[in-house]
Amino acid sequence: MELLQHLGTGFEIAFTWHNILYCLVGCLLGTLIGVLPGIGPVATIAMLLPATFVLHPVSALIMLAGIYYGAQYGGSTTAILVNLPGEVSSVVTCLDGYQMARRGMAGKALGISALGSFFAGTVATILIAGFAPPLAELALKFGPSDYFSLMVLGLIAAVVLAHGSLLKAIAMIILGLLCGLIGTDVNSGVARYSFNLPELIDGINIGTVAMGVFGFSEIIRNLEQGEAREVFTKSIKGLLPNWSDIKQSAPAVVRGTILGSALGILPGGGPILGAFSAYTLEKKLSKDPSRFGKGAIEGVAAPESANNAAAQTSFIPLLTLGIPCTPTMALMIGAMIIHGIQPGPQIMTSRPDLFWGMIASMWIGNLLLVVLNLPLIGIWVKLLTVKYDYLFPAILIFCCVGVYSINNAPFDVLLAALFGFIGYVFIKFSMEPAPLLLGFVLGPMMEENLRRALLLSRGDPSVFFTRPISLTLLIIAALLLVIVMAPSIAKKREEVFVEG
Amino acid sequence: MKRREFLVIGGAAAAAFALPARAAYPDKPVRYIIAFPPGGESDIGARLQQGVFDKLYHQQLVIESKPGAGGGLAWSQLNNYPGDGSVIMGTNLPHLVLQPLEGNVQYKTDDIANVHFYHYTPDAIVVRNESPFRSYQDLLAAAKAKPGKLNFAGSGTNTANHASHERFNHAARVKSTYVPFKGTGDLIASLLGGHVDAAMSYSTLALAQKGKCRVLAVATGKRLPLFPETPTFQEVGLDWVDGAYRGIAVPRSTPQDLRRRISSMFSEINRDADFRRQMEAGGFELVDIGYDKMDAFMAERKKAYTGVAKLMGLTA
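All figures in this text were calculated on a predicted structure; none of them were measured in a lab.

## Points about the overall build of chain A
On a plain count of helices and strands, chain A comes out with 22 helices and 2 strands. For chain A, whose C-alpha radius of gyration is 22 Å, the value lies close to the compact-globule estimate of 23 Å for 500 residues. Its C-alpha atoms put chain A at 60 × 55 × 50 Å along the principal axes. Residues counted as buried form 58% of the 500 residues belonging to chain A. Here the analysis covers contacts within chain A between residues at least 6 apart in sequence; of these, 79% occur between residues at least 24 apart.

In structure tokens, the structure reads:
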């Protein structure tokens, strides 16, 4: 077995004491920045990059990768405990994770998200080891028209995310689309909605929007409640999920892993889309969708598995094709070049030690993260008992540092504050910000690919129906639309959208 | 004489003769602002310079990334920094010429005081391995046989790649379509997947995708050692040696002698053997355009880019 031989080589490299140490350092740092809202892996890796120059390239990349997937683990902790996404990809975890915490099941939520993430990480590692090259080839089959259809499907699925009225959900998606349009249009070079502000020419960063509408506004809302805020930390019991919890969430973990892995491989996909889609899928499949948004364990298990799976599989296009799917992956490419490694298709053959060593270290890293996270659950839960008078200002400062560190731009901090205010208004009108964020991500990609597909077809729209991948995706989208809109199943729709 | 005494006496002498304090430049860490996100070519080049800078001048070169507006955000703020050598900034051509013509940015080409250009990434036409075009001549024949049919991927609109594409269409007397992507990383998937016919990019792309891609022609003066089989554009009959230049600029208030000093420092970094090896392995072509050659170089570049800008529909 060639694969076993390769994995053997990988583990030989990854199991040296110094590589385990760097893996541990990366995972610890990743967890820390994951827990701290706003401070993301891109800024951290960029800051640490010069410090890795003295290391062996394999050790350096093992550590940097650990920061990235460690952040996915850590991001859920803040989401569950304080209803603030530690990372953008844990935005959906807030929906049910925080509710679980409110019902005294914080430990359970943290436990299931760690275990789900570990399962997803293991599966994704196996996928990378066994099937990275063919999977990457498959992802290349996706052309601009196929991407457009995928985004259409995503947007239609986005309405399912909504809790309250359908109209409000659609309004939020459209607002998200419009915000996504800010910045230079890639096709014409024209700056749109930039009001002659140079800071807006490249558009708004998703981190800025997410910190604003989820972070800042949540803090304002909490402060408003003042002394009357409910205290739910006393009732914490049963930190680890029991057998029935595991049985309930296992299918969600598996589905989340599959969906996350698939979206991670596609350039442009990644952990954010993975988490959103997994949550949507679980809600659609659930016998009792009304539980979602009120502390359904599947609503934590699925997105957490998905974002971790996607975080790992997004290494596939990087390691096999040299294609960066996310800003973090672009930075990893830079790190490789600085360490004298030319990333790209030849890396598997030219540097097998690096390729297989990194893969083996990812699995070790996932194991370390579970070991780190499970015993630490008690410590994280204790966070809840910290007085909000101290907790909130600290979080707010971390959010500001994080937003600033994305582009080193003070303007972004002001923008996040503006989005915080807007987010607070949304809470007052009981409008869910999650669909806005999805519209913000999908909108620009949809427009870009629509125009690119039409440019390539010289204006002929039939490309969307003649390419099999695109056609399939559009048919699924149409079916979904029928299910959402059909009057005969309107009653079911009510159940889906109106909760509480 | 002990080192400390020597320094004290040296300092006293400097004060006595009122020598400019900057004779000791760099006497504190230098901020090096890069106008693009970390991980890109500008960042990589800067980080490779960083190590040599520390080694040669025993001062830290602190890299700060300030991305935005395709570099224009940082460049429009350059002249607000003090002109004491404490802040230098990475600059890029043809961006510095094309952006002001496009009109979205708040600086003029002549506002930027470039002191040194240290490398360029040569323009190159790249196709995937499965492409029917084995050579530049194949591509040219196809472009002439079916005018308007071929698609070239490139990074952005009104950018270096876009300009190169218009220049190619004009010089080779063909008509092909330019398909803009958000960045070079974005277009690789479409190139390898065969959704576009070729990419108008840099030789660095072909190096990164070695084994999956072929370079049909490069815009260098002589063939690249990394791609000995690939002809230059001059060999195939086009007068074209160009690419994306990267250099260093200082705030306009910086005095002339300090500009010269910084220029010669970066020339010296360029001569470092390790630095040369790393840069060449990464596909960067080193050049050494110092401050004394800057005016002539910029005048020549401006003329060339303004000509291409007319083809793109941009006017001064």
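## A look at the domain arrangement of chain B
All names here are of chain B. Considered domain by domain, chain B is made up of domain 1 (3–120 + 244–312) and domain 2 (122–218). Between the C-alpha centres of domain 1 and domain 2 the distance comes to 31 Å. Among the secondary structure elements, those contributing two or more residues to the side of domain 1 that touches domain 2 are α4 (95–102) and α11 (291–312). Tallying contributions element by element places α11 first for the side of domain 1 that touches domain 2, with 4 residues. When the residues that make up the side of domain 1 that touches domain 2 are grouped by side-chain class, the tally is 8 nonpolar, 4 polar and 3 charged.

## Description of the nonpolar core
One finds L61 and L64 of chain A together with V126 and A199 of chain B to be the most contacted residues of the largest nonpolar core, which totals 252 residues. Considering every element that reaches this core, the biggest residue donor is helix α6 (residues 106–140) of chain A, with 18 residues. Residues lining this core come from more than one domain, with at least three contributed by each of domain 1 (3–120 + 244–312) and domain 2 (122–218) of chain B. Look past the residues within four positions of A199 of chain B in its chain and what remains in contact with it is V126, F152, A153, G154, L187, L191 and L205 of chain B.

## What to know about the interface of chain B and chain A
A common way to report how large an interface is uses the accessible area buried once the components associate. On the chain A side, the residues contacting the 46 residues of chain B number 40 residues. Counting only elements with at least two residues in the side of chain B that touches chain A, the list comes to α2 (41–57), β2 (61–65), α3 (72–75), β6 (177–181), α7 (184–192), α8 (203–208) and α10 (273–281) of chain B. Class assignment of the residues belonging to the side of chain B that touches chain A gives a composition of 16 nonpolar, 22 polar and 8 charged.

Definitions and limits used
- Along each chain, numbering runs from 1 in the same order as the chain's sequence is written.
- Chains and ligands are labelled by the order in which they are written, letters from A for the one and numbers from 1 for the other.
- Since the coordinates come from a predicted model, pLDDT governs what is reported: local features require at least 70, and pairs of side-chain atoms require 80 or more to be given and counted, while whole-chain, interface and lining totals use all residues.
- By the criteria applied, helices consist of DSSP H or I runs no shorter than four residues and strands consist of E runs no shorter than two, each listed in order from the N terminus.
- Here the globule rule is a power law, 2.2 Å times the number of residues to the power 0.38, and the radius of gyration is based on C-alpha atoms.
- Whether a residue is buried, exposed or partly exposed follows from its count of other C-beta atoms within 10 Å of its own C-beta, namely 20 or more, 12 or fewer, or something in between, respectively; the C-beta atoms are built from the backbone.
- We call two residues in contact whenever the C-beta atoms placed from their backbones are within 7 Å.
- The domain limits used here are those given by an automatic or database domain assignment.
- Residue polarity is assigned by list, with Asp, Glu, Lys and Arg as charged and Ala, Val, Leu, Ile, Met, Phe, Trp, Tyr, Cys and Pro as nonpolar; anything else, Gly included, falls into the polar class.
- Put simply, a nonpolar core is buried Ala, Val, Leu, Ile, Met, Phe, Trp, Tyr and Cys residues tied into one set by C-beta atoms within 7 Å.

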